[in-house]
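So the chains spell out like this:
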Amino acid sequence: MPSGQDIAALLPFLLLVLGALVLMLSEVFLRSGGRGYQSGLTIAFAAAAALAVPFAPQQVLFGGQAVSDGFAGFVTMVVCAGLALSALLGRGWLETRNMERGEYYALALFGASGMVLLGMATDLLLAFIAIEVMSLAVYSLAAYPRRGQRPPEAAFKYFILGSFASAILLYGSALYYGATGSTLLSAMRGGGGALLAAGLSLILVGLAFKVAAVPFHAWTPDVYEGAPTPATAFMAAGVKAAAFAFLTRGVLAMVAGTPFAVGNELGGVLGLLAVLTMVVGNLFALPQRNVKRMLAYSSIAQAGYLLVGVIAASRPESRAQGTSAVLVYLAAYAVTVIGAFSVLAVMEKREPTPDAGSADAWDVSRFAGLASRRPWLAFAMAIFMLSLAGVPPTAGFVAKLSVFQAAAGAKAWGLVVVGVLTSIMGVYYYLRVVVAMYMQPAEMEEPAAAPPTVAIAIAVAALLVVVVGFSPEPLTAWARAALLRM
Amino acid sequence: MNPALQSYFPLAVVIVLAVILGLTLLGLANLLGPRRPNEAKSSPFEFGSRPSGLGRDRFDVKFYLLALLFVVFDVEAVFMYPWAVSLGDLGWPSFVVMAVFGATLVVGLVYVWKKGAIDWSRE
Amino acid sequence: MVPGTHYLALAAFLFAIGFAGVLVKKNAIIVFMCIELMLNAANLTFIAFARQSGSMSGQAIAFFVIAVAAAEAAVGLAIVIAVYRTRGTISVDEVEALRDR
């Protein structure tokens, strides 16, 4: 039975659900006037959920199915920050297209509640439910505009592959249940045998789909391109954070409880996934002239670096270093990618008819000469690109450095070498955008002005990226203190 | 024979007999019965009235919407059965939890209602 | 009594059929049904294991999975309808406005 303590520990999650219900009802009861208050309400609920994190007692919930530890608290903060920033972005983007509705914010809040729950889950059934709450909301967000061919197609592809992955994960959980008699991650302790190995493999495949690790990444570019830009920003930041949180917990439980080695350097399953993801993600991003698609492949590549952090966390000698590196990376990536998508949202072409040849809506040539026309916008985009590339002094550099340091602590030198080499490869395509903005003459028509809320989102994200880049200590210290309880 | 399967033997006998009997009767009727078809006999049965339109009609999307709403709310109600059975053991706290669950469903229902999704006559 | 392994084998077959169907079939509705088949295979596995070990938890899990599957069906079919309205087909192969070019 829930005690007051349990409710306090769940308060961030409960606040997000409450916010979703309030916004759903606001859409049917309060829509006579403008809708400006809806994004404000969403941000207020996200802030309230984030503020509730420090007050949440650290304890085990639901008889061991979830835990409200520092790790979960950190993930909750990242999700709430992502939710608030993408609500700001969504407000401006939706309003200029005249499709702002309460449902958009309600779905984002529901999705965020699933992400928060996934960050707390230490049980396969609870994780399945949290993944579905998160995914169903995000599928719907991808289809939200219901105009033109692209959003429904993106949602369609995301839905088919996402629910396929969920079904694989669930079947793996069923085999796991047969092998251990429970769905708790802690039930793995001392287990072994073919049934458990089969179950864990299927669970790993399901999660690899969710984090978009190669070779389970095929859906990512299409979904990221077709979904409305604010929804893409939210899924890039939030889904990645939540899925990696649970992956880290699962891998740590696997290492602690079974004889299966998943985290060995290049030989192990995760090592192979990490190398493939880093190499393939960066290689496919290289030729992309479509900036939105380039960011999608970049998100695959970032998943590879995050996997390196997870591998470091799986080794006893670098466990604390690895988990905190994953957290730092998730925070830095979430802020950077939302900023990058916000600039992209300002720059993207608005078609008179939704289905007009819109393949060049996000072409890199639209950024040509931006520095002379919109110096601040170009400056912010340059910051985000440098952060994604891992160039100092940005948050992205801090994140990459801590991941590679953790991998070095685990003596996984092969992964460090592959990681650094692919990062250098990445600089090329990120800098293409910067070069276009600063060194090419302007060709296109004058870009539309950024709506005020989008400008705020861009400014906040850019400021965070630079501040963390210059003084990373508060963030890294916080991540180190965010202990993970099994 | 496997003792587990042995218990199914009477069932197998019934199935075999039913199939034989059915086929025999149909076959005999086919062989011996008179055949005088007319228009009324060969048309599909539609409660005695004259059939209209094709059998493979398309249905309005609002049927689909209602059916989906029904399925979702119906499945959510499934959680109430095990709860109701064990309410005596679980006591008041579980009543509060289920009240919150029910209230959440009601919010969903109110939303659907105000959106007009269950308004049958609306065009 | 049918031994528990028979249920497990049946579930494995159902899962394999669903898995193959998702990869091979062209019609979105059939792909969707194959995914539901995979979920139900997992359900059957949970219940078979629960009966084998005499614990109730596997049966409770099935309830949750059924509820999640219903929600998934609602969202999934709505998305399929949205795709059909914007392009008049639900063949998985013909939905390709988004791809590398």
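No experiment lies behind these values; they were computed from the predicted model shown.

About the cut-offs
Residues numbered from 1 in each chain as written. Chains lettered and ligands numbered in written order. Predicted model: local features only at pLDDT ≥ 70, side-chain atom pairs only at ≥ 80, totals over all residues. Helix = DSSP H or I, 4+ residues; strand = E, 2+ residues; numbered from the N terminus. Rg over C-alpha atoms; globule rule 2.2 N^0.38 Å. Buried ≥ 20, exposed ≤ 12 C-beta atoms within 10 Å, placed from the backbone. Contact = placed C-beta atoms within 7 Å. Nonpolar A, V, L, I, M, F, W, Y, C, P; charged D, E, K, R; others polar. Axes fitted to C-alpha atoms, helices over the stretch in contact; angles between N-to-C directions. Parallel < 35°, antiparallel > 145°, perpendicular 65-115°, else oblique. Left-handed = near helix turned anticlockwise from the far one by under 90°. pLDDT = per-residue confidence, 0-100. Expected span 1.5 Å × (residues − 1).

Enquirer: Can you lay out the overall build of chain A for me, pointing to particular residues and giving the numbers?
Expert: Looking only at helices and strands, one finds 19 helices and two strands in chain A. Taken against the 2.2 N^0.38 rule, which gives 23 Å for 486 residues, the C-alpha radius of gyration of chain A at 21 Å falls within 12% of a compact globule. Per-residue burial for chain A yields a buried fraction of 65% across its 486 residues. Of all intrachain contacts in chain A linking residues separated by at least 6 positions in sequence, the fraction that spans at least 24 positions is 79%.

Enquirer: Any chance you could break down the interface of chain C and chain A for me, citing the residues and the numbers?
Expert: Listed by partner, the interface residues are 34 residues for chain C and 34 residues for chain A. Of all the elements in the fold, those that place two or more residues in the side of chain C that touches chain A are helix H1 (4–24), helix H2 (28–53) and helix H3 (57–87) of chain C. Top element by residues in the side of chain C that touches chain A is H3 of chain C. It accounts for 15 residues.

Enquirer: So what about the interface of chain B and chain C? Which residues, and what values?
Expert: Opposite the eight residues of chain B that make contact, chain C presents eleven residues. No other element matches the five residues that helix H4 (residues 61–77) of chain B contributes to the side of chain B that touches chain C. Per-class residue counts for the side of chain B that touches chain C are seven nonpolar, no polar and one charged.

Enquirer: Describe unusual backbone geometry, listing the residues and the values that go with them.
Expert: Residues and elements named next belong to chain A. With an omega of 5 degrees, the peptide bond between Val214 and Pro215 qualifies as cis. Positionally, Pro215 belongs in the loop between helix H8 (194–211) and helix H9 (220–226). In the segment running from Pro392 into Pro393, the intervening peptide bond is cis, with an omega of -5 degrees. With respect to the helices and strands, the residue Pro393 is situated in the loop between helix H15 (375–389) and helix H16 (395–409). The phi torsion at Asn98 lies on the positive side, around 55 degrees, for a residue other than glycine. By the element assignment, Asn98 lies in the loop between helix H4 (70–96) and helix H5 (102–120). Phi at Lys411 takes a positive value of approximately 60 degrees, unusual for a residue other than glycine. Positionally, Lys411 belongs in the loop between H16 and helix H17 (413–439).

Enquirer: Go over the packing of H8 of chain A against helix H10 (residues 229–257) of chain A with me, naming the residues and quoting the values.
Expert: Residues and elements named next belong to chain A. Taken N-terminus to C-terminus, the directions of H8 and H10 make an angle of 155 degrees; their axes are 9 Å apart at the nearest point. Taken together, H8 and H10 sit at an angle that is classed as roughly antiparallel. Like other packed secondary-structure pairs, H8 and H10 cross with a definite hand, here left-handed. Contacts between H8 and H10 involve Leu200, Ile203, Leu207, Lys210 and Val211 from the first element and Lys240, Ala243, Phe244, Phe246, Leu247, Gly250 and Met254 from the second. For the contact of H8 with H10, the residue count by class is nine nonpolar, one polar and two charged.

Enquirer: So what's going on with the confidence of the model for chain A? Residues and values would help.
Expert: Should the pLDDT be low somewhere, the predicted coordinates at that spot are not to be read in detail. On average, residues of chain A score 90 in pLDDT, and 95% of them reach the 70 mark or higher. Mean pLDDT in chain A bottoms out at helix H1 (residues 4–9) of chain A, which sits at 83, and peaks at helix H6 (residues 124–142) of chain A, which reaches 96.

Enquirer: Give me the lowdown on the packing of helix H2 (residues 11–29) of chain A against helix H3 (residues 36–52) of chain A, citing residues and values where you can.
Expert: Describing two packed helices takes the angle between their axes plus the distance from one axis to the other. All names here are of chain A. Interhelical geometry of H2 versus H3 gives an angle of 170 degrees and a closest axis separation of 8 Å. Considered as vectors, H2 and H3 are oriented roughly antiparallel to each other. For the crossing formed where H2 meets H3, the hand is right-handed. Contacts from Leu11, Pro12, Leu15, Leu16, Gly19, Val22, Leu23 and Ser26 of H2 reach H3 at Gln38, Leu41, Thr42, Phe45, Ala48, Ala49 and Ala52.

Enquirer: So what about H5 of chain A? Which residues, and what values?
Expert: Spanning 19 residues, H5 of chain A covers 27 Å between terminal C-alpha atoms, matching the ideal 27 Å at 1.5 Å per step. For H5 of chain A, the tally of buried residues reaches 18 of 19 residues, placing the bulk of the element in the interior.

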